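Here are the chains, one letter per residue:
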Amino acid sequence: MNEVKQTVSPHLQEMLDRRQRLMGKAYRLFYKQPVHIVSGEGVWLYDSDGNKYLDVYNNVPHVGHCHPHVVEAICKQAQKLNTHTRYLHELVLEYAEKLTDKFPAGLDIAMFACTGTEANELALRLARAKTGASGMIVTDHAYHGTSWAIAQITSCYETSEKRGDNIVTVPTPDSYRGLYAGDADAADQYAGHLQTAIDTLAQRGHRPAAFIVDTIFSNEGLPTVPRVYLAKAVEIVRRAGGLFVADEVQPGFGRLGSHFWGFDSHGVVPDIATMGKPMGNGYPISAVVTSADVIEPFQKGSHYFNTFGGTPVACAAALAVLEVIKNENLQAKALETGTYLLEGLKELATNQAMIGDIRGSGLFLGIDLVRDRKSREPATIETERAVNLLRQHGILIGSTGQYDNILKIRPPMVFSKANADLLLQKLQTVLQEIR
Ligand SMILES: Cc1ncc(COP(=O)(O)O)c(C=O)c1O
């Protein structure tokens, strides 16, 4: 693949100016040199100059950009009917059945919304109604969405509003660079912070309603979580009357290869699970899945209506996604390709000292870049350079973590071993260049 041209053309500059003028400055673009994508197919994205990029970043087009089966399902249903969910519709029920079939017994109710934020917000309402409590516990670098209530539990950003005293954070359970990295009893030590959080809430007059966790801890930097940490943490929360909410927006739908849901990889069954991003392959749909027992107090006291949540077209898209995952065996392939890539990254680490740690599962991997392997000092500036250089080499990738020094590998699930080879080759070039 040729190196992508670096100059910002007058046309792009004009678009940049227009965008700022029309949309304001709160919206951020990726890359020092923004990309103007005009089409996509499978794992490939194409810009307006005809350059081709390998998409190593996007998890929303879960089964590949513009997958024909999903596109056809959307078009077919859009030609027939698209309404809100206040009418009966077979497709919506069929999808609710197929989705809840993917969950452990008892988690058999699905409520639909449009975004991960909305799903998380609804989950918190269910938890508050069920427990009669208001305390929320989250990790210290979590992302759960954009609304006012969810911005409160999104600890990775400051909010312009004051965070409520019903919200308490616990340290991210990181085995590589966290508080108890390397300790034999790290799971117990990290889990112990849940009791501290519950005690803090009590001092402030709150009981815990929910402990909410992104089960791959993606924004926290995809740490290797000490085994049984989550089970221990959840047990402490449940003992105090709180619920466990598994945010599956990122890890869900087979991405981890080993399991269909992130909570499964920790051996914990949640009280509520939320999901979004990959569900409709880009067509907005999200969901909350829970049990009859958890939902009961909420439905006694509240109505729920979400105009665009779970429309027939959204459900057609989401059903098609489940079909493609099954028909193309994408979960097993994610495991196979991800393991192949992981091995390749380990090999790369033997001659690239900047690679401090490699972790993750299936097609969700993180490369922790460090200035020095011994001190593990995060290579934040170098990571930003790597992301921008890779973009110039035709690879779209992002970074994550508290220090923004983790290269995040999270491509569409149709990513192949040949794609992995290309990524490894370009990583080698770019890391060499940075060194
Ligand atoms: C773990 C997690 N939860 C929730 C959300 C919010 O989803 P949405 O942007 O669809 O509101 C995100 C979005 O990035 C996320 O990563």
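Residues numbered from 1 in each chain as written. Predicted model: local features only at pLDDT ≥ 70, side-chain atom pairs only at ≥ 80, totals over all residues. Heavy atoms only, no water.

J.: If you had to explain the site of the ligand to someone new, which residues and values would you point to?
T.: If you check the shell around the ligand, you find T115, G116, T117, N120, Y143, H144, G145, D214, D247, V249, Q250 and K277 and nothing else. Between the ligand and T117, the relevant distance is 2.5 Å, taken from an oxygen atom to a side-chain nitrogen or oxygen of the residue. One of the side-chain nitrogen or oxygen atoms of Q250 is found 2.7 Å away from an oxygen atom of the ligand. For the ligand, whose accessible area on its own is 390 Å², the fraction buried by protein is 83%. No other element matches helix α4 (residues 116–131), which puts three residues into the shell around the ligand. A per-class count over the shell around the ligand returns two nonpolar, seven polar and three charged. (Near = heavy atom within 4 Å. Polar contact = N/O pair within 3.5 Å; in protein donor to acceptor, adjacent residues only side chain to side chain. Areas by Shrake-Rupley, 256 points an atom, 1.4 Å probe, with all protein chains shown as cover. Helix = DSSP H or I, 4+ residues; strand = E, 2+ residues; numbered from the N terminus. Nonpolar A, V, L, I, M, F, W, Y, C, P; charged D, E, K, R; others polar.)

J.: Quick rundown of the pattern of salt bridges? Include the residues and the values.
T.: Inspection of the entire model under this criterion finds 14 salt bridges. The residue E343 makes a salt bridge to K346 at a minimum N-O spacing of 3.7 Å. Of this pair, E343 and K346 are both found in helix α11 (residues 330–349), three residues apart, which corresponds to roughly one turn of the helix. A relative accessible area of 43% means that E343 is categorised as partly exposed. (Salt bridge = Lys/Arg side-chain N within 4 Å of Asp/Glu carboxyl O. Buried < 20%, exposed > 50% of the residue type's maximum accessible area, 1.4 Å probe, protein only.)

J.: I'd like a rundown of helix α2 (residues 68–80), residues and numbers included.
T.: Counted at 1.5 Å a residue, the expected span for α2 with its 13 residues is 18 Å, and the 18 Å between its end C-alpha atoms agrees. Burial in α2 covers these residues: V70, A73 and Q77. Each buried residue of α2 sits inside an arc of 60 degrees when the element is viewed along its axis, so together they form one side. For α2, the exposed residues set more than 90 degrees away from the buried face come down to P68, K76 and Q79. Against α3 (90–100) and α10 (312–327) lie the buried residues of α2. (Expected span 1.5 Å × (residues − 1). Arc of directions from axis to C-beta. Contact = heavy atoms within 4.5 Å.)

J.: Which residues make up helix α6 (residues 186–203), and what are the values?
T.: Relative to the 26 Å expected for 18 residues at 1.5 Å per residue, α6 spans 26 Å between its end C-alpha atoms, a close match to the ideal helical length. Restricting attention to buried positions, one finds in α6 the residues A186, A187, Y190, A191, L194, A197, I198 and L201. Viewed end-on, α6 has its buried residues packed into an arc of 150 degrees, placing them on one side of the element. Opposite the packed face of α6, turned more than 90 degrees from it, sit the exposed residues A202 and Q203. Buried-residue contacts for α6 involve β5 (135–139), β6 (167–170), β7 (208–214) and α7 (229–239). Of the residues trailing α6, G205 is marked for its positive phi of about 85 degrees.

J.: Break down unusual backbone geometry for me, citing the residues and quoting the values.
T.: Here Y31, not a glycine, exhibits a phi torsion of approximately 75 degrees, which is positive. Along the chain, Y31 falls in the loop between α1 (10–23) and β1 (37–41). The phi angle at C66 is positive, at roughly 50 degrees, despite the residue not being glycine. Here C66 shows up in the loop between β3 (52–55) and α2.

J.: Explain the environment of H65 to me, and be specific about the residues and the numbers.
T.: Mapped onto the elements, H65 comes out in the loop between β3 and α2. By relative accessible area, which is 13% here, H65 ends up buried. Through-space distance from the C-alpha of H65 to that of T100 is 25 Å; in sequence the pair is 35 residues apart. Not counting residues within four places of it along the chain, the set of residues in contact with H65 comprises G40, E41, G42, W44, L45, D55, N58 and P412. Looking at H65, its side chain comes within polar contact range of the side chain of D55, at 2.6 Å.

J.: Account for the packing of aromatic side chains, naming residues and giving values.
T.: Counted by the stated rule, this structure contains 13 aromatic pairs. Ring centres 6.4 Å apart and planes at 85 degrees place the aromatic pair Y190 and Y229 in the edge-to-face group. Within this pair, whereas Y190 is found in helix α6, its partner Y229 is found in helix α7, the two being separated by 39 residues in sequence. No difference in accessibility class separates Y190 from Y229, as the two residues are buried. An aromatic cluster is present here, built from F103, F253, F260, W261 and F263 joined pairwise through their rings. The aromatic ring of F305 is capped on one face by R86, whose charged end is 3.8 Å from the ring centroid. A cation sits over an aromatic face here: R410 above Y57, 4.5 Å from the ring centre. (Phe/Tyr/Trp six-rings, centres within 6.5 Å; stacked < 30°, edge-to-face > 60°. Lys NZ or Arg CZ within 6 Å of the ring centre and 35° of its normal.)

J.: Lay out the packing of helix α12 (residues 380–392) against helix α13 (residues 417–434) in plain terms, naming residues and giving numbers.
T.: Following both chains from N to C, one finds α12 and α13 inclined at 130 degrees, their axes separated by 10 Å at the closest point. As far as their axial angle goes, α13 and α12 are oblique. When the axes of α12 and α13 are compared, the crossing they make is right-handed. Of the residues in α13, those in contact with E382, R385, A386, L389 and L390 of α12 are K426, L427, V430, E433 and I434. Across the contact of α12 with α13, the residue classes tally to six nonpolar, no polar and four charged. (Axes fitted to C-alpha atoms, helices over the stretch in contact; angles between N-to-C directions. Parallel < 35°, antiparallel > 145°, perpendicular 65-115°, else oblique. Left-handed = near helix turned anticlockwise from the far one by under 90°.)

J.: Help me get a handle on the sheet that holds β5, residues and values and all.
T.: What the seven strands build is an open sheet, ordered β4-β10-β9-β8-β7-β5-β6; its pairing is mixed. If you trace the sheet from one side to the other, it starts and ends with β4 (109–113) and β6, each paired once. Each strand of the sheet is rotated relative to its neighbour by a mean of 20 degrees, with strand direction disregarded. Both β5 and β7 contribute to a ladder of three bridges, which runs parallel. Each residue of the ladder has a partner; that of M136, found in β7, is A210. Across the face of the sheet, helix α9 (residues 292–301) comes into contact with β4, β8 (243–247), β9 (272–275) and β10 (286–290) while running at roughly 55 degrees to β4. (Pairing = 2+ DSSP bridges.)

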